[in-house]
Amino acid sequence: MTRLGSAFRALTVAAAGLLAVSAATPVAGAAPEPKAPREFVSLRTVAPTIIQEMRYTTEHNFVGEPVDGYRQPLCILTRPAAEALGRAQSQLLRQGYSLKVYDCYRPQRAVDHFVRWAKDLDDEAMKQEFYPRVDKSRLFADGYIAEKSGHSRGSTVDLTIVKLPAEPTRDYVPGEPLTACYAPSSERFPDNSVDMGTGYDCFDTLSHTDDPRISAAQRANRQLLKGTLGAQGFVNLPEEWWHFTYKPEPFPDTYFDFPVARRSVAGHRAP
């Protein structure tokens, strides 16, 4: 082997070694994934009978794709909020109903995803179901999308009521024909919840909790949800029949960004 060949071989071996070391060594400055404070728990450890249908881990939501930060389909909340939901669930079970949660703690990165989506006026893939009567350019001005969400503080939950025994619900098929979220319950996407007058995340004034246009039965269902949760310290957002915040919030001014994942609350148990 020539001197040049030997030198080239030595250089190749050295380069390979350097690459191996680089691959095994974490990138300098890479921050570890944040975890939830001890005050956060998985709802299943507190109230396991509450049904969970976590929409933002799926493609059946107004964005039309799984949302950033939702790694696994579970509800994470501050412990006081989770315990209050457990008390509300006990009351409803005695009446033949169950709570069903759609969204709980929401990381800031998910809110950022919503903001990016809202600014992309060409993406209207889910308009026909979730905001058929609202021009997408109005979503910020009309208050449907914002750069901060109370969900990120950990004590806000989106939920509904299901009559027991709960009927199974079919999976959403991406690309299937969409029906307006305010259509009669027999026509809109099937949900095993009681009829609340609109589907979840319906960007429409008909979603206002006390909208006078809903039927007497729909109003009674909304009031059952509002009254049951209100008795346990939850305050309803008047513009969304499904949106409730536990008061007082343990973190009224903090917007968290740990992912929705089991590892975020691993080892966190209710006392």
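Coordinates for the structure precede this section.
None of the values given here were measured: they were computed from a predicted structure. (Residues numbered from 1 in each chain as written. Predicted model: local features only at pLDDT ≥ 70, side-chain atom pairs only at ≥ 80, totals over all residues. Heavy atoms only, no water.)

1. Brief notes about the overall build of the protein
Item 1. A count of helical and extended segments in the protein gives 5 helices and 7 strands.
Item 2. Secondary structure of the protein in N-to-C order comes out as α-β-β-β-α-β-α-α-β-α-β-β.
Item 3. Residues counted as buried form 46% of the 271 residues belonging to the protein.
Item 4. For the protein, the proportion of contacts with a sequence separation of at least 24, taken over those separated by at least 6, is 75%. (Helix = DSSP H or I, 4+ residues; strand = E, 2+ residues; numbered from the N terminus. Buried < 20%, exposed > 50% of the residue type's maximum accessible area, 1.4 Å probe, protein only. Contact = heavy atoms within 4.5 Å.)

2. Some words on the state of the cysteines
Simply put, the disulfide is a covalent bond whose two ends are the sulfur atoms of two cysteines.
Item 1. Tallying each qualifying case throughout the model produces 2 disulfides.
Item 2. Bridging Cys75 to Cys104, the disulfide has an S-S length of 2.0 Å. Residues Cys75 and Cys104 are joined through a disulfide that is left-handed, its torsion about the S-S bond being -105°. With Cys75 in the loop between strand 2 (51–52) and strand 3 (76–78) and Cys104 in the loop between strand 4 (97–103) and helix 3 (108–119), this pair connects stretches of sequence that are 29 residues apart.
Item 3. Judged by relative accessible area, which is 1%, Cys104 ranks as buried.
Item 4. There is a disulfide in this structure between Cys181 and Cys202, and the S-S distance comes to 2.0 Å. (Disulfide = S-S within 2.5 Å.)

3. Some words on the packing of helix 2 (residues 79–93) against helix 5 (residues 216–230)
Item 1. Direction vectors running N to C along helix 2 and helix 5 enclose 130°, while the axes themselves pass 9 Å from each other. The angle between helix 2 and helix 5 falls in the class oblique. Here the hand of the crossing between helix 2 and helix 5 comes out right-handed. Contact with helix 2, carried on its side by Leu85, Ala88, Gln91 and Leu92, involves Leu224, Thr228 and Leu229 of helix 5 and no other residues of that element.
Item 2. Looking at side-chain class alone, the contact of helix 2 with helix 5 contains 5 nonpolar, 2 polar and no charged residues. (Axes fitted to C-alpha atoms, helices over the stretch in contact; angles between N-to-C directions. Parallel < 35°, antiparallel > 145°, perpendicular 65-115°, else oblique. Left-handed = near helix turned anticlockwise from the far one by under 90°. Nonpolar A, V, L, I, M, F, W, Y, C, P; charged D, E, K, R; others polar.)

4. Brief notes about the packing of aromatic side chains
Item 1. One pass over the full model with this rule turns up 22 aromatic pairs.
Item 2. Ring centres of Tyr56 and Phe62 lie 6.2 Å apart, and the angle between their planes is 80°; this geometry places the pair in the edge-to-face category. The pair Tyr56 / Phe62 is uniform in exposure class, with both members buried.
Item 3. With a centroid separation of 5.0 Å and an interplanar angle of 50°, the aromatic rings of Phe62 and Phe203 are classed as tilted. Separated by 141 residues along the polypeptide, Phe62 in the loop between strand 2 and strand 3 and Phe203 in the loop between strand 5 (156–163) and helix 5 bring together distant segments of the chain. Both residues of the pair, Phe62 and Phe203, belong to the buried class.
Item 4. An aromatic cluster is defined as three or more aromatic residues linked by ring pairs; in this entry it consists of Tyr56, Phe62, Tyr70, Tyr102, Phe114, Trp117, Tyr131, Tyr144, Tyr200, Phe203, Trp241 and Trp242. (Phe/Tyr/Trp six-rings, centres within 6.5 Å; stacked < 30°, edge-to-face > 60°.)

5. Quick look at the sheet that holds strand 6 (residues 234–236)
Item 1. Read from one edge to the other, the open sheet built from 5 strands follows the order 2-4-5-7-6, with strand pairing classed as mixed. Edge strands, defined here as strands with exactly one partner in the open sheet, are strand 2 and strand 6.
Item 2. Packing against the sheet, helix 5 makes contact with strand 4, strand 5, strand 6 and strand 7 (243–246), and its axis sits at approximately 125° to strand 5. (Pairing = 2+ DSSP bridges.)

6. Description of unusual backbone geometry
Item 1. Cis geometry is adopted by the peptide bond preceding Pro165, which originates at Leu164 and carries an omega value of 0°.
Item 2. Secondary-structure assignment places Pro165 in the loop between strand 5 and helix 5.
Item 3. In the segment running from Lys247 into Pro248, the intervening peptide bond is cis, with an omega of -5°.
Item 4. Here Asp201, not a glycine, exhibits a phi torsion of approximately 60°, which is positive.
Item 5. You can see Asp201 is positioned in the loop between strand 5 and helix 5.

All quantities given are derived from atomic positions and should not be read as evidence of function.
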